[in-house]
Amino acid sequence: MKYPALEDAEFKGRKVLLRADLNVPMQDGKIADDSRIKAVLPTIEYILDHGASLMIASHMGRPGGIENLKLSLAPVAERLGELLGKKVIFAPDCIGARVNTLASSLNPGDILLLENLRFHPEEKKGDLDFARKLGLNADIYVNDAFGTSHRSHASMVGVPEVLGRGYAGFLIQKELKVFEKMLSFPARPFALLLGGAKVSDKIPVIENLLPRLNHLMIGGAMAFTFMKEMGLNVGTSLLELDRLGAARKILDDAEKYDVDIHLPVDIVIAPSTGSPELAEVVAADAIPDRMAGLDIGPGTVAEFTEIIRRSCTVVWNGPMGVFEIPPFDKGTRGIALALAEATGDGTVTVVGGGDSVRAVVEAGLLSRISFVSTGGGASLKLLQGKKLPALDALRGGRK
Ligand code: ADP
Ligand code: MG
């Protein structure tokens, strides 16, 4: 799918509104990690180098539609200024008279960072009037906030609609390129590894990818829905009983498309996450009634590792267990390591999804994965074969 790119725009002498993702983690009023700011620098520099003045809009945290100075973007303005080596003007709001005054005095090369979009409830509602006010001072709209592109928020969909079209920044272009290549011409064998809690989220991913897959590995809580459908006892493990039929269909379709399905061969069980000291490993067909499966066992890690090693493309979404609570993090860590090692041997590895990305970061393996998607929900949508409304809006022609 082709979207208008930065390189297609004529920036000279124009005013640009850039929707970025500057939602950085804060700790005690300071920026704890500035990688999201650094990530968007190439787009910012490109726009400025091409003779435009720039307004940047972003959200931060979840202020719930009211002003909350703890979630102000002011510290981001300062850090961005340091990184660019030039002054970044900060506007105390994202719309209104003061913003309009600041915007009207911008010269080519100047940057104005607008205050948190989500101080206004209209942002999340996708309100068109609000979008009009946001776009009021801009000639050109650029979106480089991939992680929010599955949302029909005012700054994502409304502004490009109001301005007639928009352009995709470098971060979005990079994300799309990876997904497009992987989804259209994956190097084979192609393996999908799914985990996490919500089967319902991941079923459309499986349905979309199944005809192209060679291996489907399932861990995490979602494995229990499949195991239950296959007649195994899963004790008190997390289940989505209303998805048993969907699991059955996937098992049948996998056979039709000749996809090898790999479910856990062993499971780490405990009465609950509150009693990690009682954790033990059992065979997948020997989960006792009052126990919950909270992680994949070492035998499963070894088996999945072998599949990963033999594959040329591996997509991973969703942790293998309750990785937030040791020792139930072992399976997820083992898999993250397997992916890193396979990447070293030339396998293309892609990790998407908020929690799986967090697991990779916590294991210190981020740089050893081919591509880690910054957008959990947005990458899930792409894997499901769905369109992202904010990207469609860039093409224009919609009202
Ligand atoms: P992602 O954000 O990577 O897409 P999900 O949001 O679908 O992943 O799932 C992540 C959650 O799944 C984690 O909070 C994790 O604790 C939970 N989880 C994984 N395995 C299990 C399990 N066996 N039992 C209960 N929860 C689990
Ligand atoms: Mg999640």
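The shown structure was predicted, so the numbers you read here are calculated from the model rather than taken from an experiment.

Caption draft 1: Examining the packing of aromatic side chains more closely. In the structure shown here, the tally under the stated rule is four aromatic pairs. Considering the side-chain rings of Phe-146 and Phe-179, the 6.5 Å spacing of their centres and the 15° angle between planes classify their relative orientation as stacked. With Phe-146 in the loop between strand S7 (140-143) and helix H6 (154-163) and Phe-179 in helix H7 (residues 170-184), this pair connects stretches of sequence that are 33 residues apart. When its relative accessible area of 2% is taken as the criterion, Phe-146 is described as buried. Take Phe-179: its relative accessible area is 3%, and that puts it in the buried class. Centroid distance Phe-179 to Phe-371: 6.4 Å. Interplanar angle 90°. Geometry classified as edge-to-face. Here Phe-179, found in helix H7, pairs with Phe-371, found in strand S17 (residues 371-372); they are 192 residues apart in sequence, far enough to count as distant.

Caption draft 2: View of the sheet that holds strand S11 (residues 260-262). Strand order in this open sheet of six strands is S11-S10-S9-S15-S16-S17, and the pairing throughout is parallel. Here the strands that pair on one side only, and so sit at the sheet edges, are S11 and S17. Where strand S9 (residues 190-194) and strand S15 (residues 313-317) come together, five bridges link them in parallel fashion. Counterpart to Ala-191 in the pairing with S15 is Val-314. Of the strands in this sheet, S9, S15 and strand S16 (348-351) touch helix H12 (residues 330-344), which is tilted by about 155° from S15.

Calculation rules
- Residues numbered from 1 in each chain as written.
- Chains lettered and ligands numbered in written order.
- Predicted model: local features only at pLDDT ≥ 70, side-chain atom pairs only at ≥ 80, totals over all residues.
- Heavy atoms only, no water.
- Phe/Tyr/Trp six-rings, centres within 6.5 Å; stacked < 30°, edge-to-face > 60°.
- Helix = DSSP H or I, 4+ residues; strand = E, 2+ residues; numbered from the N terminus.
- Buried < 20%, exposed > 50% of the residue type's maximum accessible area, 1.4 Å probe, protein only.
- Pairing = 2+ DSSP bridges.
- Contact = heavy atoms within 4.5 Å.
- Axes fitted to C-alpha atoms, helices over the stretch in contact; angles between N-to-C directions.

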